[in-house]
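So the chains spell out like this:
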Amino acid sequence: MISYQCEGVRMPSLKRRQTSMWIKEVSASYGKQTGDIAYMFVGDEKILEVNKQFLGHDYYTDIITFDYSEGDVISGDIIISLDTVASNATQQGCSFHDELLRVVIHGILHLCGINDKGPGEREVMEAAENRALGLESCPK
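Residues numbered from 1 in each chain as written. Predicted model: local features only at pLDDT ≥ 70, side-chain atom pairs only at ≥ 80, totals over all residues. Heavy atoms only, no water.

Brief notes about the packing of aromatic side chains
Within this structure, the stated rule accounts for 3 aromatic pairs. Ring centres of Tyr4 and Tyr39 lie 5.4 Å apart, and the angle between their planes is 5 degrees; on these two criteria the pair is classed as stacked. Of this pair, Tyr4 sits in strand E1 (residues 2-6) while Tyr39 is found in strand E2 (residues 33-42), placing the two residues 35 residues apart along the sequence. The residues Tyr4 and Tyr39 share a single accessibility class, namely buried. Counting every residue linked through ring pairs, the aromatic cluster contains Tyr4, Tyr39 and Phe41. (Phe/Tyr/Trp six-rings, centres within 6.5 Å; stacked < 30°, edge-to-face > 60°. Helix = DSSP H or I, 4+ residues; strand = E, 2+ residues; numbered from the N terminus. Buried < 20%, exposed > 50% of the residue type's maximum accessible area, 1.4 Å probe, protein only.)

Rendered as structure tokens:
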């Protein structure tokens, strides 16, 4: 089951049913099934708190993914700062909605095993994001 919740912010405008179908399609393209995936939309201060408490990082970020996957079933908690998504959208010159979709699928790609911290991994992640965003099922 894929769930969408918010804490301290207004729920972003997402076509939840269509977004969930898109997530499942992307996951399947990596040979994965979706288990329990919980999205939590928050503001910058909350994501900073989570980053400090669970990862020991003292900085803002757009997304934190906690992976509980087992085998080919992906599961996890995905926390997204809508404040940082908005800032990134402005910096990238794209709409808030487009940047939100990129971050939503970014978390799923992490659960599917794609990393973005090591040498060359960021380019692999960006290519995977672009492929997912280009799918007909993407809820644009």
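So, the nonpolar core
By size, the foremost hydrophobic cluster in this structure holds 30 residues, and its most contacted members are Trp22, Tyr39, Ile80 and Ile108. Per element, the largest residue contribution to this core is 8 residues, and it comes from helix H4 (residues 96-111). In this structure, Val42, Ile47, Ile64 and Phe66 belong to the second largest nonpolar core, which totals 6 residues. (Core = buried A, V, L, I, M, F, W, Y, C linked by side-chain atoms within 4.5 Å.)

Things to note about the packing of helix H3 (residues 82-92) against H4
Where H3 contacts H4, the two axes come as close as 9 Å, and the packing angle between them is 115 degrees. With respect to the hand of their crossing, H3 and H4 are arranged in right-handed fashion. Between H3, through Leu82, Val85, Ala86, Asn88, Ala89 and Gln92, and H4, the contact on the second element is made entirely by Phe96, Glu99, Leu100 and Val103. By residue class, the composition of the contact of H3 with H4 is 7 nonpolar, 2 polar and 1 charged. (Axes fitted to C-alpha atoms, helices over the stretch in contact; angles between N-to-C directions. Left-handed = near helix turned anticlockwise from the far one by under 90°. Contact = heavy atoms within 4.5 Å. Nonpolar A, V, L, I, M, F, W, Y, C, P; charged D, E, K, R; others polar.)

So, the side chain of Thr84
Tracing the backbone shows Thr84 in helix H3. According to the relative accessible area criterion, Thr84 is buried, its value standing at 12%.

Here's the deal with the pairing of strand E3 (residues 63-67)
In terms of strand pairing, E3 meets strand E4 (residues 73-81) through 5 bridges, oriented antiparallel. Bridge assignment links Phe66 to a residue of E4, and that residue is Asp77. Hairpin connection, E3 to E4: the antiparallel pair is bridged by 5 residues, and Gly71 has positive phi, about 60 degrees. (Pairing = 2+ DSSP bridges.)

Quick word on the pattern of salt bridges
One side chain can pair with another of opposite charge once the charged atoms of both are near each other. Applying the stated criterion across every chain, the model contains 8 salt bridges. Across the salt bridge formed by Lys32 and Asp72, the nearest N and O atoms sit 3.7 Å from each other. Linking Lys32 in the loop between helix H1 (16-29) and E2 with Asp72 in the loop between E3 and E4, this pair joins segments that are 40 residues apart in sequence. Put simply, Arg122 and Glu126 hold a salt bridge, and the shortest N to O gap is 3.1 Å. With Arg122 and Glu126 both in helix H5 (residues 121-133) and 4 residues apart, the pair spans about one turn of that helix. (Salt bridge = Lys/Arg side-chain N within 4 Å of Asp/Glu carboxyl O.)

Comments concerning the sheet that holds E1
Taken together, 4 strands build an open sheet; the order of strands is E1-E2-E4-E3 and the sheet is mixed. Each of the sheet's edge strands pairs with one partner strand only, and the pair in question is E1 and E3. Averaged over all pairs of adjacent strands, the angle between their axes in this sheet comes to 15 degrees, without regard to strand direction. In terms of strand pairing, E2 meets E4 through 8 bridges, oriented parallel. If you follow Tyr39 over to E4, its bridge partner there is Ile78. Docked against the sheet, helix H2 (residues 44-55) engages E2, E3 and E4, running at close to 45 degrees with respect to E3.

None of the figures reported here should be taken as evidence of function without further support.
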